[in-house]
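Summary of the model geometry
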Amino acid sequence: MTWIRKLAIDLGTSNCIMWSENEGIILNEPSIVAVEAENRKVLAAGNEAKKMEGKTPDYIEIVKPISEGAVIDYEVAVGMLKWFLREVMGSFWFLGPEVVVTVASGLTQVEQRAVLDAVAEAGARKVNLIDTPLAAAIGTKIPIAEAFGNMVVNMGGGVVEAAVIASGGVVTSKCYRGGGSRIDEALAEYLKKKYSMAIGDQTTELVKIKLGTAVKLKKTEMLSIGGRDLVYGLPKNIELNSDEIFEVIRPMLDEVILVIKETLQTTPPELVADIADRGIVLIGAASKLRNLPLLLTREIGVAVHLALEPENCVVKGAGMAMENLEIYRKLTR
Ligand SMILES: Nc1ncnc2c1ncn2[C@@H]1O[C@H](COP(=O)(O)OP(=O)(O)OP(=O)(O)O)[C@@H](O)[C@H]1O
Ligand SMILES: [Mg+2]
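Residues numbered from 1 in each chain as written. Chains lettered and ligands numbered in written order. Predicted model: local features only at pLDDT ≥ 70, side-chain atom pairs only at ≥ 80, totals over all residues.

**Brief notes about the sheet that holds strand 12 (residues 159–166)**
In spatial order, the strands read 13-12-11-17-18; together these five strands make up an open sheet with mixed pairing. Two strands close off the open sheet at either side, each with one partner strand: strand 13 (169–177) and strand 18 (304–306). On average, adjacent strands in this sheet sit at an angle of 20° to one another, irrespective of strand direction. Pairing of strand 11 (residues 150–155) with strand 12, which is carried by six bridges, proceeds in the antiparallel orientation. Across the sheet, the residue bridging to Val152 is Ala163, located in strand 12. Its contacts with the sheet place helix 10 (residues 292–300) against strand 17 (280–283) and strand 18, and it is angled at close to 165° to strand 18. (Pairing = 2+ DSSP bridges. Helix = DSSP H or I, 4+ residues; strand = E, 2+ residues; numbered from the N terminus. Axes fitted to C-alpha atoms, helices over the stretch in contact; angles between N-to-C directions. Contact = placed C-beta atoms within 7 Å.)

**Observations concerning the domain arrangement of the protein**
When its domains are assigned, the protein resolves into domain 1 (6–134 + 313–331), domain 2 (142–178 + 252–306) and domain 3 (180–250). Facing four residues of domain 1, the contacting portion of domain 3 comprises four residues. Tallied by class, residues from the side of domain 1 that touches domain 3 come to no nonpolar, three polar and one charged. (Domains from an automatic or database assignment. Nonpolar A, V, L, I, M, F, W, Y, C, P; charged D, E, K, R; others polar.)

**Remarks on the packing of helix 5 (residues 180–195) against helix 6 (residues 201–211)**
The geometry of helix 5 relative to helix 6 is characterised by a closest axis approach of 9 Å and an angle of 100° between their N-to-C directions. As the angle between them shows, helix 5 and helix 6 are arranged roughly perpendicular. Residues Ile183, Asp184, Leu187 and Ala188 of helix 5 lie in contact with helix 6, whose contacting residues are Asp201, Thr204, Glu205, Val207 and Lys208. Looking at the contact of helix 5 with helix 6 residue by residue, the class counts come to four nonpolar, one polar and four charged. (Parallel < 35°, antiparallel > 145°, perpendicular 65-115°, else oblique.)

**Some remarks on helix 5**
In this model helix 5 runs 22 Å from its N-terminal to its C-terminal C-alpha over 16 residues, within 8% of the 22 Å that 1.5 Å per residue would give. Within helix 5, the full set of buried residues consists of Gly180, Ser181, Ile183, Asp184, Leu187, Ala188 and Leu191. An end-on view of helix 5 places all buried positions within 160° of arc, on one side of the element. What points out from helix 5, more than 90 degrees from its buried face, is the exposed set Glu189, Lys193 and Lys194. Contacts made by the buried residues of helix 5 are with strand 14 (197–198), helix 6 and helix 7 (242–252). Of the residues flanking the end of helix 5, it is Ser196, one or two places downstream, whose phi is positive at about 45°. (Expected span 1.5 Å × (residues − 1). Buried ≥ 20, exposed ≤ 12 C-beta atoms within 10 Å, placed from the backbone. Arc of directions from axis to C-beta.)

**Overview of the pairing of strand 2 (residues 15–20)**
For strand 2, the buried fraction is high: six of the six residues fall into the buried class. Here strand 2 shows a buried face lined by Asn15, Ile17 and Trp19 and a second buried face lined by Cys16, Met18 and Ser20. Relative to strand 2, strand 1 (residues 6–11) is paired through five bridges, and the arrangement is antiparallel. Bridge assignment links Ile9 to a residue of strand 2, and that residue is Met18. Here strand 1 hands over to strand 2 after three residues, the two strands then running antiparallel side by side. Strand direction decides the pairing type here: strand 2 and strand 3 (residues 24–30), joined by six bridges, are antiparallel. Within the sheet, the bridge partner assigned to Cys16 lies in strand 3 and is Glu29. The antiparallel hairpin formed by strand 2 and strand 3 contains three residues in its connecting segment.

**Section: the site of ligand 1**
Surrounding ligand 1, one finds 22 residues, the nearest of these being Gly12, Ser14, Gly156, Gly180 and Ala285. At the level of secondary structure, the elements contributing two or more residues to the shell around ligand 1 comprise helix 5 and helix 6. In terms of residue count, the dominant contributor to the shell around ligand 1 is helix 6 (three residues). Its residues placed into classes, the shell around ligand 1 shows five nonpolar, 13 polar and four charged. (Near = placed C-beta within 6 Å.)

Encoded structure:
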């Protein structure tokens, strides 16, 4: 724990990631907070709060203060950020760092302001905002200053967004609320309807990661999971197969296809030609869904690649912008 002068933050719907100039990624924890129900005092945040999810007594409430990229519970978001800053800076946390925080391109001015204010109130000395797609492009080493067009698609926990970047700025972008959490909801709903079974959030995510695929697998895979029978209220085990999970997930991917198509439709033709040449880069942890690049390449007709570190490139790019604020000044605000 040291004094951190400069800090980059990716404040996501599912995860909050922090990056410091000397150490790289110093924190990666779920955006979850356990609060006292009566007075909303923060009891735990991140990994510690996640462990409590689904197992708390009445007087403790589990809150997810970020939804679809926006701050939906301001006080709790500030409490969570304070908690994380103390975790990484210890007693130095009051020497507020200068921060670059990423914001989804679909946020309104008011929503962007709420992110900025929350980070400032949590203890930052100065706060700069950067658009997620720009940070991602910097983090994946796309030469953003060139006049060529590049497309970055982010599939996170709460949003799917596509952006075309050229000459150091976002030329056109589109953002839908959706992403990984919506897939989890669809899977939980399917299990309820088909097997009369309730499963916890962590099991739902496991099913998605182990069996989920964007293109039907040649060889079916199986996974055994446990939950609660909704009719008898008793523990229940079932075997799921990758084919049924594919059938549930595939319709949920229509929004990613749509967001890319709509963005391309509003992109100047010269830049579309560049994108066709260079391909599209996928970022965000939800884009690690098996075979997603293959599905998108087929549907869009342009090569789609998964970035090297899809979950970390946004905060890394924000960190790189932070280190070179003079160069990136016009990208941040
Ligand atoms: N291997 C994987 N396959 C499929 N989905 C995954 C995998 N690993 C993580 N995910 C999903 O990725 C999502 C979280 O992505 P990410 O951390 O990029 O979101 P975020 O940045 O917090 O949210 P957002 O950018 O939408 O505000 C979760 O829904 C999680 O279940
Ligand atoms: Mg994100």
